[in-house]
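Chains, contacts and geometry: an overview
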Amino acid sequence: MVRKEKKYISFSITIFSSLLQLSFLFLWFEKLVFLMTTQNVGFQAYEKFSTFVTTSYFVLFIPQLVIFAWYGIKKIGAQDQFPLLKVIFIIFYVGALAGILILGQPIFEILYYGFAP
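Cut-offs used in this document
Residues numbered from 1 in each chain as written. Predicted model: local features only at pLDDT ≥ 70, side-chain atom pairs only at ≥ 80, totals over all residues. Heavy atoms only, no water. Core = buried A, V, L, I, M, F, W, Y, C linked by side-chain atoms within 4.5 Å. Buried < 20%, exposed > 50% of the residue type's maximum accessible area, 1.4 Å probe, protein only. Helix = DSSP H or I, 4+ residues; strand = E, 2+ residues; numbered from the N terminus. Contact = heavy atoms within 4.5 Å. Expected span 1.5 Å × (residues − 1). Bend = angle between axes of the 7 residues up to and from the residue. pLDDT = per-residue confidence, 0-100. Phe/Tyr/Trp six-rings, centres within 6.5 Å; stacked < 30°, edge-to-face > 60°. Polar contact = N/O pair within 3.5 Å; in protein donor to acceptor, adjacent residues only side chain to side chain.

**Side note on the nonpolar core**
Counting eight residues, the largest nonpolar core is built from F24, W28, L35, A45, F49, F52, V53 and L60. Contributions of two or more residues to this core are made by α1 (11–37) and α2 (43–77). With five residues, α2 is the single largest residue contributor to this core. Apart from the residues lying within four places of it in its own chain, the contact partners of F49 are W28, K31, L32, L35, Y112 and Y113.

**Description of unusual backbone geometry**
One non-glycine residue, F82, adopts positive backbone phi at about 50 degrees. Note that F82 resides in the loop between α2 and α3 (83–113). On the accessibility criterion, F82 (59% relative accessible area) is exposed.

**Topic: α2**
Between the first and last C-alpha of α2 there are 51 Å, a value that for 35 residues agrees with the 51 Å anticipated at 1.5 Å per step. Residue F61 marks the point of greatest curvature in α2, where the axis turns by about 25 degrees; the proline P63 follows within four residues.

**Looking at the confidence of the model for the chain**
This prediction gives the chain a mean pLDDT of 81; 87% of its residues lie at or above 70. Mean pLDDT across the secondary structure elements of the chain bottoms out at α1, with 79, and peaks at α3, with 90.

**Focus on the packing of aromatic side chains**
Under the definition given, this model contains four aromatic pairs. Their ring planes at 75 degrees and their centres at 5.2 Å tell us that Y57 and F58 sit as a pair that is edge-to-face. Of the residues examined, Y57 reaches a relative accessible area of 5% and is grouped as buried. F58 gets classed as partly exposed once you look at its relative accessible area, which sits at 34%. Pairing Y57 with F61 gives two aromatic rings, centres 5.3 Å apart and planes at 15 degrees, and the pair type is stacked. Of the two residues, Y57 and F61 are both situated in helix α2; the distance of four residues between them amounts to about one turn of the helix.

**Points about the side chain of Q105**
Among the secondary structure elements, Q105 is positioned in helix α3. Excluding anything up to four places from it in sequence, Q105 contacts T54, Y57 and F58.

**What to know about the side chain of S56**
Residue position: S56 is located in helix α2. On the basis of relative accessible area, S56 is assigned to the buried category, the value being 0%. Within the structure, the side chain of S56 is placed 2.6 Å from the backbone oxygen of V53, a separation counted as a polar contact. Excluding residues within four positions of it along the chain, S56 makes contact with F24, W28 and F108.

If you want it as structure tokens, here you go:
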């Protein structure tokens, strides 16, 4: 006898984050093309673009981490043994994701600018 199970997959978070990232990447490319094609834009335009790059890290990476946290907590919560250990592991998992978010921001900027002076 084959048992049919309904698998629950939440696509709403994934679709929302994908649309958010695609729209933000469109704005990013638009600003990048503007800076590459115009002359004499001044320092303030580059400062605004630098702020935009810093903001873009959080806008592009937080939805991805939310999806990782959602599915990771769901998988950890499905385990039946050791409920206290499960809660401790979930806390460390979310803490590790937050640490990746915080430590990844300077690395993102360094790699984006290509170690430029």
